[in-house]
Amino acid sequence: MSTKLRMFTRMMSSSTRVPQVCIVGAGPAGFYAAMRLTKKLANVHVDIIEKLPVPFGLIRYGVAPDHPEVKNVINQFTKVAQQDNVNFYGNITVGKDVTLPQLRQNYDAVLLTYGAEEDKELGIQNEDARNVIAARNFVGWYNGLPSDKDLQVDLSNDTAAVLGQGNVALDVARILLSPIDKLKKTDITQHALDALAESKIRNLYLIGRRGPLQVAFTIKELREQLKMKDCSTIWRESDFAGVADVVANLPRPRKRLTELMLKSLEENKLKKEDTNSKRLYPIFLRSPNKFITDKDNVVKGIELFENRLYGKGNVEEQKCVSTNEMELLDCGLALRSIGYKSVSIDEELELLPQGMVNNDKGRIWDAHPRLAKMYAAGWLGTGPVGVILHTMGNAFQVANMMYEDLSKLPRSRARGGFEEIKRILRNEIVDWEGWSKIDRYEIEQGKKMGKPREKICDIGKMMEIAYS
Ligand code: FAD
């Protein structure tokens, strides 16, 4: 923000009360909320505080590199950040560099959109074995998340297993099975590309606890997998017993998805020979019991329990129960993809078992009415499920509620906003101009390699460029 505008805003804050809003987390929820708030309230001031020196959360560090079209929302977010009454302040971790109560003292409202940064664990034996890796870290590794850049991934075995059947699981499978020439043209990090070019993985098991009628991946992702060059998707016929009988009565999106799986199963049966060099094996109704390891504590297989589904009616509500029947699956890499969960950044915040912060439609209840109100949106508020479109809808809804509250602000309480927070901070801040320098640098580096961008994976290097 220009000095002129900052003075103007401060003047306004002591006379006509420009509401000062702090958003914690520069992912889609943060940007969509800022977009809605600044549209509804002409005289609001929004500061977006982000842990990393770079914005966009899982758009940058989650969305698969071969899905560039999904990342186009970045253009909208850039326009939001360039508004005179919006600031981006990167390289500030709330809960460490500044506390939540300190933010609440200096703003009129604090919206928490800091996502879900941890992954759920299976809680089974040998989960800490080498080459048992959280999909979250694997995704961070190929997408350039600084904390995952040194992840040790051994791709020298020909068989891998992904535990989970959501879209993240399919993303991970696709990256492991894709022809390397396709990945070369994306913004996948060079260290991942080099490792994947040497990968020996030819078989990948995609293991789900429940049946084909309950899979969590969506039709678009499955279609993409089925069309993959040099890769066959091999279904187990026994997993589909009775499925064709119920398909007609399923709700539409599930019906189309199930029909596609059945069609692929039938096509496989008609195929005379399979000349593809890679194979994806979706496996249903199996729960991991333990990882089998070798003498060096490297994973070499998974013991799976067979499951049965119980209950009639809505297939989504059927209960899954493990039997005593066991199956052993050999693999040299296992990726756990069973979901994300949020962390608490302050003792005031209560986390629920669903992996989200306790809130009522975005409002966080607290015992300190004299401090700014707290809100939650995005994966932190809804739980770590849903695509960007859901996150957008939720962020808009919470921002509408904030607008109602801010419209009723008492006239007397002027807040210091980021001017006061700056006095507390000891670290260097990256503003939008700093991020723009990083952005330009990454695009330039990418151009030299025939990629849309080559991400910087080191925070020190990011800071150097932002301050150059
Ligand atoms: P996030 O995007 O996680 O943003 C949270 C931000 O808060 C981050 O920038 C983080 O650094 C910051 N932060 C964390 N802690 C702090 C702190 N203490 N202080 C300050 N800042 C902090 N959706 C689609 O529509 N299409 C896809 O192809 C797609 N692919 C996905 C792939 C993966 C692997 C994952 C996990 C999700 C994918 N999604 C996709 C879903 C989509 O990414 C989410 O809906 C969306 O990112 C949630 O937004 P959010 O703002 O709540 O969280």
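Residue positions within a chain follow its written sequence, with the count starting from 1. Selection of residues for local features in this predicted model requires a pLDDT of at least 70, selection of side-chain atom pairs for listing and counting requires 80 or more, and totals for whole chains, interfaces and linings are taken over all residues. To obtain the side-chain values, all non-hydrogen atoms of the structure were included, while hydrogens and water were left out.

## Focus: the packing of aromatic side chains
Point 1. For Phe, Tyr and Trp, rings pair up if their centres lie within 6.5 Å, where Trp contributes its six-membered ring, and each pair is then called stacked (planes under 30 degrees apart), edge-to-face (over 60) or tilted (otherwise). The tally for this structure, following the rule as stated, stands at 17 aromatic pairs.
Point 2. Measuring from ring centre to ring centre gives 4.9 Å for tyrosine 32 and phenylalanine 77, while their planes differ by 85°; the resulting arrangement is edge-to-face. Remark: phenylalanine 77 occurs in helix α4 (residues 73-81) and tyrosine 32 occurs in helix α2 (residues 28-40); sequence separation between them is 45 residues. For the pair formed by tyrosine 32 and phenylalanine 77, the shared burial category is buried.
Point 3. Taken together, the aromatic side chains of Phe31, Tyr32, Phe56, Phe77, Phe88, Phe396, Trp432 and Trp435 make up a single cluster linked through ring pairs.
Point 4. Above the plane of the ring of phenylalanine 396 lies arginine 36, whose end atom (NZ or CZ) is 4.1 Å from the centre. Secondary structure elements follow DSSP: runs of H or I no shorter than four residues count as helices, runs of E no shorter than two count as strands, and numbering proceeds from the N terminus. For each residue, the accessible area found with a 1.4 Å probe, counting protein chains only, is set against the maximum for its type, and the residue is called buried under 20%, exposed over 50%, and partly exposed in between. In this analysis the charged atom, NZ for Lys or CZ for Arg, is taken to sit over a ring once it is within 6 Å of the ring centre and within 35 degrees of the ring normal.

## Topic: the environment of phenylalanine 291
Point 1. For phenylalanine 291, the location among the structural elements is in strand β11 (residues 286-293).
Point 2. When its relative accessible area of 0% is taken as the criterion, phenylalanine 291 is described as buried.
Point 3. Residues count as neighbours in contact if any of their non-hydrogen atoms are within 4.5 Å of one another. What phenylalanine 291 contacts, discounting residues up to four positions off in sequence, is Leu122, Ile124, Gln125, Asn126, Glu127, Val132, Leu163, Val299, Gly301, Ile302 and Ala334.

## Looking at the packing of helix α7 (residues 167-177) against helix α10 (residues 219-226)
Describing two packed helices takes the angle between their axes plus the distance from one axis to the other.
Point 1. Here, axes are lines fitted to C-alpha atoms. For helices the fit covers the stretch in contact, and angles between N-to-C directions go from 0 to 180 degrees. In the contact formed by α7 and α10, the axes pass within 10 Å of each other and the chain directions differ by 20°. In terms of orientation, α7 lies roughly parallel with respect to α10. α10 is crossed by α7, and the crossing has left-handed handedness. In contact with Asn167, Leu170, Arg174 and Leu177 of α7, α10 contributes Glu221, Leu222, Glu224 and Gln225. Every angle not falling under 35 degrees, over 145, or within 65 to 115 is termed oblique; those three ranges are roughly parallel, roughly antiparallel and roughly perpendicular. It is the rotation of the near helix from the far one that decides the hand of a crossing: anticlockwise by less than a right angle makes it left-handed, clockwise makes it right-handed.

## What to know about the site of the ligand
Point 1. If a single non-hydrogen atom of a residue is within 4 Å of a molecule or strand, that residue counts as near it. Every one of the 33 residues lining the ligand counts as a neighbour, but Glu50, Leu58, Trp379, Ile388 and Thr391 are closest to it.
Point 2. Glycine 386 is positioned with one of its backbone polar atoms (N or O) 3.1 Å from an oxygen atom of the ligand.
Point 3. Computed on the free molecule, the ligand has an accessible area of 1000 Å², of which 93% lies beneath the protein chains in the complex.
Point 4. When residues of the shell around the ligand are traced back to their parent elements, those giving at least two are α2, α3 (57-61), α7 and α14 (388-407).
Point 5. The nonpolar class holds Ala, Val, Leu, Ile, Met, Phe, Trp, Tyr, Cys and Pro. Asp, Glu, Lys and Arg form the charged class, and all remaining residues, Gly among them, are polar. Looking at the shell around the ligand, its residues break down into 19 nonpolar, 10 polar and four charged.
Point 6. Each domain's limits were defined by an automated method or a database of domain assignments. Domain assignment of the residues forming the shell around the ligand places at least three in each of domain 1 (3-117 + 341-429) and domain 2 (121-338). Polar contacts, as used here, are pairs of N or O atoms within 3.5 Å; protein pairs need one atom able to donate a hydrogen and one able to accept it. Residues neighboring in sequence count only if both atoms are side-chain atoms. Computed with the Shrake-Rupley method and a 1.4 Å probe, the accessible areas treat only the protein chains shown as cover for residues.

## Re the sheet that holds strand β1 (residues 20-24)
Point 1. What the six strands build is an open sheet, ordered β3-β2-β1-β4-β17-β16; its pairing is mixed. Edge positions in the open sheet fall to β3 (86-89) and β16 (363-364), since each of these has one partner strand only.
Point 2. Should DSSP find at least two bridges between two strands, the strands are regarded as paired. Examined bridge by bridge, strand β4 (residues 109-112) and strand β17 (residues 373-376) share four bridges and lie parallel to one another. When the sheet's bridge partners are listed, leucine 111 is paired in β17 with tyrosine 375.
Point 3. On the sheet, α2 packs against β1, β2 (45-49), β3 and β4 and is oriented at approximately 175° with respect to β2.

## Quick word on the domain arrangement of the protein
Point 1. One can read the domain layout of the protein as domain 1 (3-117 + 341-429) and domain 2 (121-338).
Point 2. Averaged C-alpha coordinates put domain 1 and domain 2 at centres separated by 35 Å.
Point 3. Between domain 1 and domain 2, the residue contacts involve 12 residues of the former and 19 residues of the latter.
Point 4. Buried area is a sum: the accessible area each of two parts loses on coming together, probed at 1.4 Å, counted once for each and added. Summed over both sides, the interface of domain 1 with domain 2 buries roughly 1200 Å², with 52% coming from carbon and sulfur.
Point 5. Broken down residue by residue, the surface that domain 1 buries against domain 2 is led by Tyr61, Pro65 and Asp66, which jointly contribute 51%.

## Quick word on the sheet that holds β11
Point 1. Taken in spatial order, the three strands of this open sheet run β11-β12-β13, and their pairing is antiparallel. The strands lining the two open edges of the sheet, one partner per strand, are β11 and β13 (319-330). Strand after strand, the sheet turns through a mean of 20° between neighbouring axes, direction not considered.
Point 2. Bridge count between strand β12 (residues 299-310) and β13: nine bridges; the pairing is antiparallel. Each residue of the ladder has a partner; that of asparagine 307, found in β13, is serine 322.

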